[in-house]
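Close look at the chain arrangement
Each chain is listed here by its residues.
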Amino acid sequence: GAVVSQHPSWVICKSGTSVKIECRSLDFQATTMFWYRQFPKQSLMLMATSNEGSKATYEQGVEKDKFLINHASLTLSTLTVTSAHPEDSSFYICSARSTGGRETQYFGPGTRLLVL
Amino acid sequence: RKEVEQDPGPFNVPEGATVAFNCTYSNSASQSFFWYRQDCRKEPKLLMSVYSSGNEDGRFTAQLNRASQYISLLIRDSKLSDSATYLCVVNMGNYGQNFVFGPGTRLSVLP
């Protein structure tokens, strides 16, 4: 299957810090990437859809000014958590849409964010 | 009603057992269906797509009933390595724009 990477895998930061997470599709071009968040023992929740060359589409209840998304190239999307607070501590996972054959999504390994 | 619902679990089964997971979805216009597995503290990984005619991949069999808006996953001869959370995923839009995840069903295969 397609390969998606994320960096960093772990982040521990102080409250008020901004944290940038990168998502890369390594062996295919992804015009669309997705950012999810997963709290412990809960399901993945879609935060936003990242579209190459245009603005991201945010899900209801997700603050676009707090979670900045940039999809500057066909292989890279970034999520910046601005002024992170302890309640932002979560598992952030990106995925990229594969258009080869049957449509599906391939996930990055995720980034664990802990805000102290 | 939630968009995608699954058996609440957890399922604790002995090695070699057969286990079935059920999933229902609310949007009759849903386009495609998948089962993902997620290991603890890891990202979801695609297990298999679900086709209208039903499909099998080794010990895993997936079935879809569009009329009942119901999806199932059957695991035969379960292994310890099958222990994970199984996520039912429904694409409710076009071209992967709207993947909705079920809450997952946790499976523990016991020796």
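Position labels on residues start from 1 in each chain and follow its written sequence. Labels are handed out in written order, letters beginning with A for the chains and numbers beginning with 1 for the ligands. Residues qualify for local features only when their pLDDT is at least 70, as the model is predicted, and side-chain atom pairs are given and counted only at 80 or more; totals for whole chains, interfaces and linings, by contrast, use all residues. Heavy atoms from the whole structure form the basis of all side-chain values; hydrogens and water molecules are not counted.

All names here are of chain B. The salt bridge criterion pairs a side-chain nitrogen of Lys or Arg with a carboxyl oxygen of Asp or Glu, the two atoms within 4 Å. Here the structure, examined in full by the defined rule, presents seven salt bridges over all chains. A salt bridge links Arg 37 to Asp 39; the shortest N-O distance between them is 2.6 Å. With a relative accessible area of 16%, Arg 37 lands in the buried category. Burial here depends on accessible area, computed with a 1.4 Å probe over protein chains only, as a share of the maximum for the residue type. Under 20% is buried, over 50% is exposed, and the range in between is partly exposed. Overall, Asp 39 belongs to the partly exposed group, its relative accessible area being 29%.

Below, the discussion takes up the state of the cysteines. Counting rule for disulfides: a pair of cysteine sulfur atoms within 2.5 Å. By the definition in use, this model includes two disulfides over all chains. With its sulfur 2.0 Å from that of its partner, Cys23(A) forms a disulfide with Cys94(A). Here the S-S torsion is close to 80 degrees, and the disulfide linking Cys23(A) with Cys94(A) is therefore right-handed. Of this pair, Cys23(A) sits in strand E3 (residues 19–25) while Cys94(A) sits in strand E9 (residues 90–98), and the two are 71 residues apart along the sequence. Each member of the pair, Cys23(A) as well as Cys94(A), is classed as buried. Here Cys23(B) engages in a disulfide with Cys88(B); their sulfurs sit 2.0 Å apart. Since a negative S-S torsion denotes a left-handed disulfide, the Cys23(B)-Cys88(B) link at about -75 degrees is left-handed. In this text, helices come from DSSP runs of H or I with a minimum length of four residues, and strands from runs of E with a minimum of two, each type numbered from the N-terminal end.

Many authors give the size of an interface as the accessible area that is lost as the parts come together. At the interface, 20 residues of chain A touch 21 residues of chain B. Two parts placed together each lose some accessible area under a 1.4 Å probe, and the buried area is that loss summed for both. Note on chain A versus chain B: buried area summed over both sides is about 1,700 Å², and carbon and sulfur give 53% of it. On the surface where chain A and chain B come into contact, there are zero salt bridges. Within 3.5 Å is the distance limit for a polar contact, defined as a pair of N or O atoms, with the added protein rule that one can donate a hydrogen and the other accept it, and that residues adjacent in sequence qualify only through two side-chain atoms. Our count for the chain A to chain B interface comes out at four residue pairs in polar contact (both at pLDDT 80 or more). Amino acid classes used here: Ala, Val, Leu, Ile, Met, Phe, Trp, Tyr, Cys and Pro are nonpolar; Asp, Glu, Lys and Arg are charged; the rest, including Gly, are polar. Its residues placed into classes, the side of chain A that touches chain B shows nine nonpolar, seven polar and four charged. Any two residues whose heavy atoms approach within 4.5 Å at even a single point are treated as in contact.

On to the sheet that holds strand E7 (residues 60–65) of chain B, then. Residues and elements named next belong to chain B. On the basis of which strands lie adjacent, the open sheet formed by five strands has the order E1-E3-E8-E7-E6 and antiparallel pairing. Each edge of the open sheet carries a strand with a single partner, namely strand E1 (4–6) and strand E6 (55–57). Taking each pair of neighbouring strands and ignoring which way they run, the sheet shows an average axis angle of 15 degrees. Pairing between strands is defined by DSSP: at least two bridges between the two strands are required. Here strand E3 (residues 19–25) runs beside strand E8 (residues 70–75); their pairing, made up of six bridges, is antiparallel. Each bridged residue has a counterpart across the sheet, and for Ala 20 the counterpart in E8 is Leu 74. Every angle, taken between N-to-C directions, lies between 0 and 180 degrees, and every axis is a line fitted to C-alpha atoms, over only the stretch in contact when it is a helix.

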